[in-house]
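# Residue-level structure breakdown
Spelled out from the first residue to the last, the chains are:
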Protein chains: 2
Amino acid sequence: MKTKITLKDIARELEVSISTVSKALKNSEEISRDTKEKVQAFAKLYNYKPNNIAISLKNKRTKNIGVVIPDIVHHFFTTVIRGIEKYANARGYNVIVCLSEESFDKEVINMEMLANGSIDGFIMSLSSETQQKGDYNHLKEVTEQGIPVVLFDRITNEIDCDKVVIDDELGGYIATKKFIEQGKRKIAMITTGDYLSVSKARTMGYQKALSESSLGVNDDLVLKMPSMEMDENRIKEFLETQKPDAVLCVNEIFAVYSMRLVQKSGLKIPDDISFIGFTDGVLSKYANPSLTVVAQHGEKMGEVSAKMLIDKIESEEEEETYQTKILEPTLVIRESINQ
Amino acid sequence: MKTKITLKDIARELEVSISTVSKALKNSEEISRDTKEKVQAFAKLYNYKPNNIAISLKNKRTKNIGVVIPDIVHHFFTTVIRGIEKYANARGYNVIVCLSEESFDKEVINMEMLANGSIDGFIMSLSSETQQKGDYNHLKEVTEQGIPVVLFDRITNEIDCDKVVIDDELGGYIATKKFIEQGKRKIAMITTGDYLSVSKARTMGYQKALSESSLGVNDDLVLKMPSMEMDENRIKEFLETQKPDAVLCVNEIFAVYSMRLVQKSGLKIPDDISFIGFTDGVLSKYANPSLTVVAQHGEKMGEVSAKMLIDKIESEEEEETYQTKILEPTLVIRESINQ
DNA sequence: ATCTGCCACGAAAACGGTTTCGTGTTGATA
DNA sequence: TATCAACACGAAACCGTTTTCGTGGCAGAT
C-alpha cells in the first residue's frame, strides 16, 4: 500500500522547504526555473495530489454542495439531481445527496450535519412534513450563517433565498385548456391534499381554466386523495359516479392507475375519456396508451438551481438580493388524448 | 449574519485555553465540574458545533462515502442509493454521489476528485464503457492507496475488493424455468450485447434452464439489441418471425415495449404470449398488464454494500480479505404470465 | 569598498480542531 | 516544614495546505 504523498514528503526528499514546494507546484514567479522543474517532476513521478480537506480548511470552502430532497426513488427528483450533478461537476463541485424521506426530523438532522463545514451551499426541496408543519427554523439558521440556499419545486415564502419553481398553476391551466379546446365537457381532476404546494397550484390552474370557460368549476369533479397510497376503490367510485370525459392527474401514478381502471370497465382512451398527468417520467412514456403529460423539465431545474447556487457561492459581494426563477411547463402530447 | 463560533472564540470569551474548552466539551475527567458546566453552557448558548473539516483533517477520516454510478435516472440505481443512504446515515456517514454517465473518462475523473481526501471509501458500479475497455487502473490506484472499495452489480474480477452482486444467472434461470414449467415451448430472450456483465449472466441462466430441459437452446430465439435505444422494427421483426410464446427481457423497458407491440398485433398477454422482465421498477408495477419481473432488491444491495464498506473503513486491522456477497433474485409474479 | 536592490527561498502563522505532555497549585503526609 | 501526589489546566505539536513576510547572498552601481 503506497500511502499518499504530501508537500512535506516532497520537501524532505528534495531538501527544500514546504513553502517552496507549494509555490513551485503553483508555478509561482518567486521560484527559480530549476527548482520548479525539479519539484514538478518529482510530484508527477510520485503522483502528488493536494489533500482536499486541508485545502478546504484553509480556504473555508469545500467545493461540495448539499442536496436535500424528500425522495430519490422518484423520477422527477432524479432528473433534478442529474441536472445539478452535471452542472456542478462542470464547475468543479461535488454533490452530497441527503434524503429527508418526507420527514421533518430527517431534514433537520441532515442539514445540521452538512452545515458544519461540509458544504458551501444547499439545494433543497422541502419534505411534505415540513410543509405541513410550516416550521422553517432549520432553514433560517442556515441562511443566517451566511450559507447560500436554493429552494426548488417545493418551496416556501417564509425563507428569503433563491428559488426555482415550475409554474405549476400554468401547468394545470394549459392542460385543462387543452381539454376544453378539444370539447371535453366533464373535466375531472385527481390530486392530493393541499398540503403539497405543487398539488395546490396545479389544482388552482385547473380551476382557473375552467372558470374562464363556459364550463365553470364543479368541486365534485375534484378528487383529493389523502395520501400517495393508491386506493383503488376510492378512484373507481369517483370515476364511476362522476363519469368524466377527461381527467387531469396531479402525477403519473394516479394517471396510469386510473387509465387501467377505466380500460378494465371497457372505456376507450382517448375517445371515451382522455388523460393528462404531471411529470414526464418513464411511466408516461411506456404506459399503454402512452400518457400526455405536463413536463416539468427537472434536469433544467437542477441546472438552473446549481447555477444560481454556485454563482452566489462564488460571488464576492454579499448581495442580499434573491431571485425566483419560474420555469414554464410544457405539454408532451402522447396517445392518452386526441391529437 | 451570525458567523460560526469556534473553540478559540469560546476560549477567549471564557478566558481559558482552547484545550480546556475542547476537553470540557468532551466531558473529560481532567476538567473540573465548574469549568465543564461553564463551558458547556456557553457552547450551548451560542450553538457551538465543531467544524467537520477540521475534524476530518485531524482524524484523517471524513465520514463521507463516495458513490459512483453510471446513471441515476434509472430505478435500480436509485433504489441502491436509497439503501446506501439509509444505512450510511444511520452510521453517521454522508453520501457523495457522482455520475459516470456510462463514460470511462467521467468515472476516472470523479474517482480522482474524491480520492484526494474527500471520502473514506467508494461504492461503485462500473460504467459500460469501462467494462468494454477493461481498463481498471483507476480502481487499482485507489485500492493501492488503501481506500476501501465495494463494487456492486456491474463488477470486475480484475480488482481485489469487496463485491455485492445479484446472481443474475440464477435470475435468468428461474424466470426461464418458470416458463418451462408453465408449458411454454418457444421461449425467447431480448437482451443487450454481452458488453454488460449483467446481460451476459442473465442470458447464460436462460440458456442453462433451456439446455436442462427438453427444449434445448436455439440461438435464433435470442435477440441482442446493440444499444439501449429502442428499435421498434428490430423487435417487431424478431417477434413476428420467431413467434415465441414466452419472452424473457433483460430489462423493464424492453419488456414493456415488446408487450405493447404484441398487443397491437392482437395477441393476448399472458395466454398467447407471456413476459418476464428484470428490475422491479415502477414500469413493471404499473404496466398494462403488470409485468412479472426478476426483482433485484436494489435497496438491500445498497444496504449490504454500505455495511461492507463502513465495516472495512472502521476496522482497525488491515485485513486483505475480500468477500463477494451474492444476493438471490426473486420472481415477482404479476399479470404478464399465467398464475 | 560600500550600498542598493533583487532573487530565491525559508520561517511561521493560519484554518479549527485533538491530544500529549508539562506544570503550578493545593492539600495531605511524614 | 519538606515532600509528594493529585488535580486542573495550559502549551504546543499535529493534520496538510496557503500565504505573508523576512532574509541571506549576490550582482551591479557608486
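Residues numbered from 1 in each chain as written. Chains lettered and ligands numbered in written order. Predicted model: local features only at pLDDT ≥ 70, side-chain atom pairs only at ≥ 80, totals over all residues. Heavy atoms only, no water.

## A word on the domain arrangement of chain A
How we decide: How far each domain reaches was decided by an automatic or database domain assignment.
Entries for chain A in the domain assignment read domain 1 (7–50), domain 2 (58–165 + 298–326) and domain 3 (168–296). One C-alpha centre belongs to domain 1 of chain A, the other to domain 2 of chain A; they are set 38 Å apart.

## Quick word on the relation of the copies chain A and chain B
Put simply, the rule reads: Here the copies were fitted onto each other by least squares, based on C-alpha atoms from residues at pLDDT of at least 70 in both. We call two residues in contact whenever any of their non-hydrogen atoms come within 4.5 Å of each other.
Rotating chain A by 180° about the axis while translating it 0.0 Å along that axis superimposes it on chain B, leaving an RMSD of 0.0 Å. Look at the turn and shift together and you get a two-fold axis relating the two. Among all residues of chain A, the minimum C-alpha distance to the rotation axis is found for I96 of chain A, at 2.1 Å. When you check the interface residues of chain A against chain B, 100% turn up at the interface there too, and the contact is symmetric in its surfaces.

## With respect to the side chain of T192 of chain B
Residue and element names in this part refer to chain B. Rules: Segments assigned H or I by DSSP are reported as helices when at least four residues long, segments assigned E as strands when at least two residues long, and all are numbered from the N terminus. In protein, a polar contact means a hydrogen-donor-capable atom and an acceptor-capable atom, both N or O and within 3.5 Å, with residues adjacent in sequence counting only if both atoms are side-chain atoms; elsewhere, any N or O pair within 3.5 Å suffices.
Turning to its location among the elements, T192 is positioned in strand β6 (residues 187–192). A polar contact of 2.7 Å, which involves the side chain of T192, links it to the side chain of S199. The residues contacting T192, other than those within four sequence positions of it, are S199, K224, M225, M228, V250 and F254.

## Describing empty space enclosed by the protein
We apply this condition: Put simply, the grid is 1 Å and covers the protein atoms alone, a cavity is a trapped set of points that fit a 1.4 Å probe, a pocket is an open set with protein on both sides within 12 Å along at least five of seven lines, and lining residues have an atom within 4 Å of a point. Grid points are joined across faces, edges and corners, and a volume is the space filled by probe spheres set on the points.
Considering all chains together, one arrives at one cavity of 30 Å³ or more under this definition. When its volume is computed, the largest cavity comes out at roughly 50 Å³. What lines the largest cavity is simply Y286, A287 and N288 of chain A together with V256, M259, R260, Q263, Y286, A287 and N288 of chain B. The biggest single contributor to the lining of the largest cavity is helix α12 (residues 252–264) of chain B, with four residues.

## With respect to the side chain of E107 of chain B
All names here are of chain B. With respect to the secondary-structure elements, E107 resides in helix α6 (residues 104–115). Of note is the side chain of E107, whose polar atom sits 3.1 Å from the side chain of T130. Beyond its immediate chain neighbours, meaning those up to four positions away, E107 contacts V68, S100, M124, S125, L126, S127, T130 and H138.

## As for the protein's contact with DNA strand C
To keep it simple, the criterion reads: Nearness here has a simple test: a residue counts as near a molecule or strand if at least one of its heavy atoms is within 4 Å of that partner.
Around DNA strand C, 28 residues are found, and the nearest of them are T20, K23, E30, T35 and K60 of chain A. Counting only the atoms of DNA strand C within 4 Å of the protein, the fraction contributed by sugar and phosphate is 57%. Between K58 of chain A and DNA strand C, the recorded distance is 3.0 Å, taken from a side-chain N or O atom to a base nitrogen. Here A54 of chain B contributes a backbone N or O atom positioned 3.5 Å from a base nitrogen of DNA strand C.

## A word on the protein's contact with DNA strand D
For DNA strand D, the set of nearby residues contains 28 residues, the closest of which are T20, K23, E30, T35 and K60 of chain B. Atoms of DNA strand D within 4 Å of the protein belong to the sugar or the phosphate in 58% of instances, the rest to bases. Contact distances for DNA strand D include 2.9 Å between a phosphate oxygen and a backbone N or O atom of L7 of chain A. In this structure, a base oxygen belonging to DNA strand D sits 2.4 Å away from a side-chain N or O atom of K23 of chain B. Top element by residues in the surface near DNA strand D is helix α2 (residues 18–25) of chain A. It accounts for four residues.

## Section: the pattern of salt bridges
Residue and element names in this part refer to chain A. Let me state the cut-off plainly: A pairing counts as a salt bridge when a side-chain nitrogen of Lys or Arg comes within 4 Å of a carboxyl oxygen of Asp or Glu. Exposure is judged per residue with a 1.4 Å probe applied to protein chains only, and the accessible area is read against the type maximum: over 50% gives exposed, under 20% gives buried, and values in between give partly exposed.
Evaluation of the coordinates by the stated rule reveals 40 salt bridges over all chains. Of the charged contacts in the structure, one is a salt bridge between E37 and R33, with a shortest N-O distance of 2.8 Å. Of the two residues, E37 and R33 are both situated in helix α3 (residues 33–45); the distance of four residues between them amounts to about one turn of the helix. Residue E37 is classed as partly exposed on the basis of its relative accessible area of 45%.

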